Amino acid sequence: MEPQLRRPTRRACERCGRVERWDGDAATWRVASEDGDKQVGNPYCIHEWDINGRFAPFEEPA
Ligand SMILES: [Zn+2]
């Protein structure tokens, strides 16, 4: 197994609830479906992605 950069595979927006999953084949984020509904959130939202820990580009005090 080659050493590989760990990537988040799922991210959720803290503002609108949009959820995306990483599609490794297409190398892009895709909207995730949960319970048959696409978690698109708000298209006008400036998404604030909640990606576990250190992948978050910015850290603000809660
Ligand atoms: Zn959002």
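Each remark here, short or long, concerns the structure printed above.
Residues numbered from 1 in each chain as written. Predicted model: local features only at pLDDT ≥ 70, side-chain atom pairs only at ≥ 80, totals over all residues. Heavy atoms only, no water.

### A few points about the coordination of the zinc ion
Distances from the zinc ion to its protein donors, namely Cys13 (SG), Cys16 (SG), Cys45 (SG) and His47 (ND1), fall within the range 2.1 to 2.4 Å. Geometry at the zinc ion is tetrahedral, judged from the four donor atoms that bind it and their angles of 105 to 115° at the metal. Of note, the zinc ion draws all its donor residues from one chain, in the sequence arrangement C-x2-C-x28-C-x1-H. Owing to a relative accessible area of 17%, Cys45 belongs among the buried residues under this scheme. Residue classification places His47 among the partly exposed positions, given a relative accessible area of 24%. (Donors = N, O, S within 2.8 Å, 3.2 Å for Na, K, Ca; no water. Tetrahedral: all angles 85-135°; square planar, octahedral: opposite > 155°, others 65-115°. Buried < 20%, exposed > 50% of the residue type's maximum accessible area, 1.4 Å probe, protein only.)

### As for the side chain of Arg11
Examined against the element boundaries, Arg11 turns out to sit in strand S1 (residues 10–13). Here Glu20 takes part through its side chain, which lies 2.6 Å from a polar atom of the side chain of Arg11. (Helix = DSSP H or I, 4+ residues; strand = E, 2+ residues; numbered from the N terminus. Polar contact = N/O pair within 3.5 Å; in protein donor to acceptor, adjacent residues only side chain to side chain.)

### Thoughts on the pairing of S1
Relative to strand S2 (residues 19–23), S1 runs antiparallel, the two being bridged by three bridges. Among the inter-strand pairings, Arg11 is bridged to a residue of S2, identified as Glu20. Here S1 hands over to S2 after five residues, with Gly17 in that stretch at a positive phi of 90°. Here S1 runs beside strand S6 (residues 49–50); their pairing, made up of two bridges, is antiparallel. Paired with Ala12 across the strands is Asp50, a residue of S6. (Pairing = 2+ DSSP bridges.)

### What about the pairing of S2?
Taken together, the four bridges between S2 and strand S3 (residues 28–31) define a ladder with antiparallel strand orientation. The residue bridging Asp23 from the neighbouring strand is Thr28, located in S3. If you look at the hairpin formed by S2 and S3, you'll find four residues sitting between the two strands, and Ala27 has a positive phi there, around 55°.

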